[in-house]
Amino acid sequence: MLKLENLARHFGGIKAVDGIDFEVKRGEILGLIGPNGSGKSTTVNLVAGLYKPSAGRVIYEGHDIQDLPPHERANLGIARTFQNIRLFGQLSIWQNLWAARVVRESGWAGLKARWFATAAQGKLETEAYLEFCGLQHKRDHLAANLAFGEQRRLELARAAISGAPLLLLDEPAAGMNSEEIDDLDQRIRKLRDQGKTILLIEHHMELVMGVCDRVVVLNFGRKIAEGKPAEVQQDGQVQAAYLGSDSDDAFMQAALQA
Amino acid sequence: MDFYIGLLQVIGVHTLLGLSAWCVLHTGQVSLAQGGFFAIGAYVAGMLTAMVGWPLAWALPTAALFAGCIAIAIGFPALRVKGLMLVVATTAFAEIVRLVFFNLKWQVQTPNGMVGPDGGLGFGGIRYFPANALSGLEILSLIWSVVAAVMLFLWLLDRSRIGTLWRAVGEDEVAAQSAGINLTAAKVSAFGIGGAIAGLAGGIFSHNTTHIEHGNFTILLATFAIAYPIIGGLKSLLGTLVAVVFIQGVLIEGLRFLGDWRSLLFGAMILAVMLIRPSGVISAPLNLSLFIFKKNATKLGSSKGASHA
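(A) Structural detail: the overall build of chain B. Tallying secondary structure elements over chain B gives 14 helices and two strands in all. A globule of 309 residues ought to have a C-alpha radius of gyration of about 19 Å, and chain B, at 22 Å, matches this closely. Considered along the principal axes of its C-alpha atoms, chain B spans approximately 90 × 50 × 30 Å. Evaluated residue by residue, chain B yields a buried proportion of 46% over its 309 residues. Expressed as a percentage of contacts within chain B between residues at least 6 apart in sequence, the contacts between residues at least 24 apart total 76%.

(B) Region of interest: the overall build of chain A. Along its length, chain A carries 12 helices and 10 strands. The C-alpha radius of gyration of chain A comes to 19 Å, within 12% of the 18 Å expected for a compact globule of 258 residues. Taking as baseline every contact in chain A between residues at least 6 positions apart, the subset at least 24 positions apart corresponds to 66%.

(C) Focus on the interface of chain B and chain A. Across the boundary between the two partners, chain B contributes 19 residues, which contact 28 residues of chain A. Mapped by element, the contributors of at least two residues to the side of chain B that touches chain A are helix H7 (161-171) and helix H8 (173-178) of chain B.

(D) Molecular detail of helix H12 (residues 262-276) of chain B. For H12 of chain B, spanning 15 residues, the distance from its first C-alpha to its last is 21 Å, which sits close to the expected 21 Å at 1.5 Å a residue. In terms of residue burial, H12 of chain B counts as a barely covered element, since only zero of its 15 residues are buried.

(E) Broad picture of unusual backbone geometry. Despite not being glycine, Phe-220 of chain A shows a phi value in the positive range, around 50°. One can find Phe-220 of chain A in the loop between strand S9 (214-219) and strand S10 (222-227). When the 15 C-beta atoms within 10 Å are taken as the criterion, Phe-220 of chain A is described as partly exposed. Residue Ala-133 of chain B is not a glycine yet carries a positive backbone phi of 55°. With respect to the helices, strands and loops of the structure, Ala-133 of chain B is situated in the loop between helix H5 (128-131) and helix H6 (136-159).

(F) The arrangement of the pairing of strand S1 (residues 2-11) of chain A in detail. All names here are of chain A. The pairing of S1 with strand S2 (residues 14-24) spans eight bridges and is classified as antiparallel. Along S2, the bridge assignment pairs Phe-11 with Ile-14. Relative to strand S4 (residues 55-60), S1 runs antiparallel, the two sharing five bridges. Within the sheet, the bridge partner assigned to Lys-3 lies in S4 and is Ile-59.

(G) Spatial organisation of the packing of helix H2 (residues 34-52) of chain B against helix H9 (residues 183-209) of chain B. All names here are of chain B. Two elements in contact, H2 and H9, have axes separated by 6 Å at closest approach and are oriented at 50°. As judged from the angle between their axes, H2 and H9 are oblique. Crossing handedness for the pair H2 and H9: right-handed. For the pair H2 and H9, the contacting residues are Gln-34, Phe-37, Phe-38, Ala-39, Ile-40, Gly-41, Ala-42, Ala-45, Gly-46 and Thr-49 in the first and Gly-194, Gly-195, Ala-198, Gly-199, Leu-200, Ala-201, Gly-202, Gly-203, Phe-205, Ser-206 and His-207 in the second.

(H) Main features of the sheet that holds strand S6 (residues 78-80) of chain A. Residue and element names in this part refer to chain A. Judged by pairing direction, the sheet is mixed, and its six strands sit side by side in the order S6-S7-S8-S3-S9-S10 without closing on themselves. At either end of the open sheet lies a strand with only one pairing partner, and these are S6 and S10. Within this sheet the neighbouring strands show an average axis-to-axis angle of 20°, counted without direction. As paired strands, S6 and strand S7 (residues 166-170) are joined by three bridges and run parallel to one another. Considered in S7, the bridge of Ala-79 is made with Leu-167.

(I) Geometry of the environment of Leu-207 of chain A. Residue and element names in this part refer to chain A. Mapped onto the elements of the fold, Leu-207 is located in helix H9 (residues 205-211). Owing to 22 C-beta atoms within 10 Å, Leu-207 belongs among the buried residues under this scheme. For the pair formed by Leu-207 and Ser-178, sequence separation is 29 residues and the distance between their alpha carbons is 9.7 Å. With near-sequence residues (within four places) excluded, Leu-207 lies in contact with Ala-173, Ile-181, Asp-185 and Glu-202.

(J) Region of the structure containing the sheet that holds S2 of chain A. All names here are of chain A. One open sheet holds the four strands; their spatial order is S2-S1-S4-S5, and the pairing between them is antiparallel. Looking at strand neighbours, the two that pair on one side only are S2 and strand S5 (63-64), the edges of this open sheet. Each of S1, S2 and S4 touches helix H1 (residues 40-48); the most contacted strand, S2, lies at about 65° to it.

(K) Up close: the nonpolar core. Membership of the largest hydrophobic core comes to 156 residues, with the highest contact counts inside it found for Leu-167 and Leu-200 of chain A together with Ala-63, Ala-67, Ile-197, Leu-200 and Ala-201 of chain B. Residues contacting Leu-167 of chain A, with those up to four places away along its chain left out, are Ala-79, Ala-159, Ala-160, Leu-191, Lys-196 and Ile-198 of chain A.

(L) Broad picture of the environment of Ser-279 of chain B. Residues and elements named next belong to chain B. Examined against the element boundaries, Ser-279 turns out to sit in the loop between H12 and helix H13 (288-292). With 14 C-beta atoms counted inside 10 Å, the residue Ser-279 sits in the partly exposed group. In sequence terms Ser-279 and Ala-45 are 234 residues apart; their C-alpha atoms lie 35 Å from each other.

(M) Molecular detail of helix H8 (residues 178-193) of chain A. Residues and elements named next belong to chain A. Taking 1.5 Å per residue as the helical rise, H8 with its 16 residues ought to reach 22 Å, and the 23 Å between its terminal C-alpha atoms agrees with that figure. All of the buried residues in H8 are Leu-184, Ile-188 and Leu-191. One side of H8 carries all its buried residues, which in axial view fall inside an arc of 60°. Of the residues in H8, the exposed ones pointing more than 90 degrees away from the buried face are Ser-178, Glu-179, Gln-186, Lys-190 and Asp-193. Of the surrounding elements, those touching the buried residues of H8 are strand S3 (29-33), helix H7 (148-161), S7, strand S8 (197-201) and H9. Positive backbone phi, approximately 100°, marks Gly-195, located one or two places after H8.

(N) Quick peek at the confidence of the model for chain B. Residue and element names in this part refer to chain B. Mean pLDDT for chain B: 86, with 91% of residues reaching 70 or above. Highest mean pLDDT in chain B belongs to H9 (96); lowest belongs to helix H14 (residues 294-308) (40). Contacts from residues 285-309, a stretch scored under 50 in pLDDT, to residues over four places away or in other chains number one contact. Predicted complex, confidence summary: ipTM 0.89, pTM 0.87.

(O) Inspection of the domain arrangement of chain A at higher detail. What the domain assignment lists for chain A is domain 1 (2-87 + 162-257) and domain 2 (90-145). Here the side of domain 1 of chain A that touches domain 2 of chain A is built from residues that sort into one nonpolar, three polar and no charged.

(P) Fine view of the packing of helix H3 (residues 56-78) of chain B against H9 of chain B. Residue and element names in this part refer to chain B. As a packed pair, H3 and H9 sit with axes 7 Å apart at the nearest point and diverge in direction by 145°. Handedness of the H3/H9 crossing: right-handed. In terms of residue class, the contact of H3 with H9 is built from 18 nonpolar, nine polar and one charged.

Cut-off values and rules
Residues numbered from 1 in each chain as written. Chains lettered and ligands numbered in written order. Predicted model: local features only at pLDDT ≥ 70, side-chain atom pairs only at ≥ 80, totals over all residues. Helix = DSSP H or I, 4+ residues; strand = E, 2+ residues; numbered from the N terminus. Rg over C-alpha atoms; globule rule 2.2 N^0.38 Å. Buried ≥ 20, exposed ≤ 12 C-beta atoms within 10 Å, placed from the backbone. Contact = placed C-beta atoms within 7 Å. Expected span 1.5 Å × (residues − 1). Pairing = 2+ DSSP bridges. Axes fitted to C-alpha atoms, helices over the stretch in contact; angles between N-to-C directions. Parallel < 35°, antiparallel > 145°, perpendicular 65-115°, else oblique. Left-handed = near helix turned anticlockwise from the far one by under 90°. Core = buried A, V, L, I, M, F, W, Y, C linked by C-beta atoms within 7 Å. Arc of directions from axis to C-beta. pLDDT = per-residue confidence, 0-100. Domains from an automatic or database assignment. Nonpolar A, V, L, I, M, F, W, Y, C, P; charged D, E, K, R; others polar.

Below is the structure:
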């Protein structure tokens, strides 16, 4: 469904992403992991179109989407969430969802739906996704006033309402407690069951190892491993990348136990 | 009485000008070009009635449409830049417009003699209102019907999806484009509609004063245009109206007795608004008690916390 070919992005002398190849298959949850600074977020930004690649190609459904601006990629079917939550803070919850609803109608009907639909229509159209994020009772609250976990849920719903078949989730569990992570786990599975394909960038090993079908590991902008979660955990290069010479790294311990 | 009618006319025209900036500010852009669109509307509407002999009912929409088209044409290149660079670009545009009218000499023979823009001397003889024997009160009601119509239009716009998209772009451009919103379409549409409203305001202005010149359209006018919605708050349209009444009615006219000290107080009051109501006069309900008794409120909070522990 999504294919990265020798994708690279250099910032001056820093090779944030240095020629990676992998493929996201339809209907799977692919985990993208790696230590800090290994190029995960840069990869997401390259796929979403916020950065232009220095080399290589991004292919979505057989089309090279290199030259498309971010909003066209979103309309084509690639939606995302952000590592640092980026909601429309001064908009109400249903407006946050409504603004992200992608209009598929064309011609006059599309023009009307895209620009001139009324607030009443908006409340109706966002109903199902308000339920998905469990915020029906707060539909008229400002997004900025939501609790942290609720904001994450709303952002996920905003990505889902676009109708995009491919979701890029950039560290959705960051700052969550274990209860919220369990909840997130359920939601991600629910999205997959609805037929979405998910690229999950995450630091939280328990979540990644539990929910992902396959995992790609990056280090210093290069892919060092790819495979089923259990295989990747046993990979010597992956262990070295996370542990280095310091075998007390709690992070990898957690990963090995998961 | 005439003084108050005149003041209310000025307030009406400036409300339209403020609403034009309100549109653009919604998308998070600060534009100083509104004075330029206002000038274009003023000259075009004036030329259509005084030189061509059109009725005002035709001249005003044409001037608004013309200013809106110019805004869209300017918008595509100008809105590629953001923040301070956009301020510089739009300031440059407003100055270009002013200097074009400073140099424009194009007079035609009409039954009332030679009429038309006369360079630095300005453009006089826009005598549509006196020629049709409209009284001050009639002009006033005309102006305020236009203000009401524009406010209704913008209220509907704000409640439709376009308003939500404008606000979303103003909140966070990166999130907006990742959510599939076309930034250029959102910004240029706001710029175009804002430009048309400024042109409409300019057309009314030139007919109300009967004489316009380049000095009417300086950067000061553009500063006022963006000050109204910022001081009034972007949450509601009424905020802009309140801000215009406050600035034009209270600050500029009401404080005239202070002489040169007026501008000092003017600045102080804007500072006060920014301190007390950072998101505008009409934003959240004003809770004065919280402001005055802040110390007590925090004490109460901490003692509550202590009792929990």
